[in-house]
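Remarks on the overall topology
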Amino acid sequence: MSVRGDVWSIYREAMPILLIALGGGLFAGLVLEGMLESVERFPGLLVMVPVFLATRGNVYGALGGRISSGLHQGLIEPRFEWDERLVNAVIASFVNGIGISVVIGVVSWLALQVLGWESAALYELVGIMLVAGVLTSVVLIFGLLALIFAGYKYGYDPDNLVGPIVTTLGDIFGMLFLLFAIGVVEVIV
């Protein structure tokens, strides 16, 4: 295939999902706007939002890359069945996603303490991150697998799908589950 053909193929595959990602990012912004009154109840919350969303992309982008490589190399079949490589990648991503969520809560709280800024209690920030981290991990893992497998079956290059899928799912569900986690922590505390 020519360079022009390669570029057109990538553009054709990526553009629809990028447009969906644009809508997803806008939706996440609207959810953030709705969370602003919770900022007064949990000072320091806004410090965690960009880090939380970025780490969703980092952790699950790596998972998507592993899946994409496995599909290209024929090591993973595009279906939900027991596959040791796939299971190991999913477990590693799940543990990393939850672990980094807790770290975000702790480091954010420590940074706010060092700066002398007002902050919610450590257990509140960690609780919000833990609940949101677990829920987004589940959705991102299954959503990413389902969309990559479906795209691959229909002839799309998973390398062109991973980035936009991860960022869109991460932004939409990350913000929704952060909002949900705030509600859970408010009820418990």
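Residues numbered from 1 in each chain as written. Predicted model: local features only at pLDDT ≥ 70, side-chain atom pairs only at ≥ 80, totals over all residues. Heavy atoms only, no water.

What to know about the UniProt feature "domain: SLC41A/MgtE integral membrane" (unreviewed entry) in the protein
- In this numbering, the UniProt entry assigns the feature "domain: SLC41A/MgtE integral membrane" (unreviewed entry) to residues 49-180.
- Helix makes up 85% of residues 49-180 and strand 0%, whereas the separation of the span's terminal C-alpha atoms amounts to 14 Å. (UniProt positions renumbered as here; feature names shortened; annotations may be inferred. Helix = DSSP H or I, 4+ residues; strand = E, 2+ residues; numbered from the N terminus.)

Overview of helix 3 (residues 84-115)
- Taking 1.5 Å per residue as the helical rise, helix 3 with its 32 residues ought to reach 46 Å, and the 46 Å between its terminal C-alpha atoms agrees with that figure.
- Residues Leu86, Val87, Ala89, Val90, Ser93, Gly97, Ile98, Ser101, Ile104, Gly105, Ser108 and Leu112 constitute the buried set of helix 3.
- In this structure, the buried side of helix 3 is in contact with helix 2 (45-73) and helix 4 (122-153).
- Where helix 3 begins, the capping side chain belongs to Asp83, and its oxygen is found 2.9 Å from the backbone nitrogen of Arg85. (Expected span 1.5 Å × (residues − 1). Buried < 20%, exposed > 50% of the residue type's maximum accessible area, 1.4 Å probe, protein only. Contact = heavy atoms within 4.5 Å. Polar contact = N/O pair within 3.5 Å; in protein donor to acceptor, adjacent residues only side chain to side chain.)

Some thoughts on helix 4
- Taking 1.5 Å per residue as the helical rise, helix 4 with its 32 residues ought to reach 46 Å, and the 45 Å between its terminal C-alpha atoms agrees with that figure.
- Count one or two residues on from helix 4 and you reach Gly155, which has phi positive near 90°.

Observations regarding the layout of surface pockets
- Each pocket or cavity is described by its volume, and for the largest pocket that value is around 170 Å³.
- Contributing to the lining of the largest pocket are Arg12, Glu13, Pro16, Ile17, Ile20, Leu147, Ala150, Gly151, Tyr156, Leu161 and Ile165.
- With five residues, the single largest contributor to the lining of the largest pocket is helix 1 (residues 3-41).
- Per-class residue counts for the lining of the largest pocket are eight nonpolar, one polar and two charged. (1 Å grid on protein atoms, 1.4 Å probe; cavity = no way out; pocket = protein on both sides within 12 Å on 5 of 7 lines; lining within 4 Å. Points joined across faces, edges and corners; volume = space filled by probe spheres on them. Nonpolar A, V, L, I, M, F, W, Y, C, P; charged D, E, K, R; others polar.)

So, the packing of helix 2 against helix 5 (residues 158-188)
- In contact at an axis separation of 8 Å, helix 2 and helix 5 are set at 145° when each is read in the N-to-C sense. As helix 2 runs across helix 5, the sense of the crossing is right-handed.
- Partitioned by chemical class, the residues of the contact of helix 2 with helix 5 number twelve nonpolar, eight polar and three charged. (Axes fitted to C-alpha atoms, helices over the stretch in contact; angles between N-to-C directions. Left-handed = near helix turned anticlockwise from the far one by under 90°.)

Digging into the environment of Tyr156
- With respect to the helices, strands and loops of the structure, Tyr156 is situated in the loop between helix 4 and helix 5.
- Measuring from C-alpha to C-alpha, the distance between Tyr156 and Arg41 comes to 45 Å, with 115 residues separating the pair along the chain.
- Setting aside chain neighbours within four positions, we find Tyr156 in contact with Arg12, Glu13, Gly151 and Leu161.

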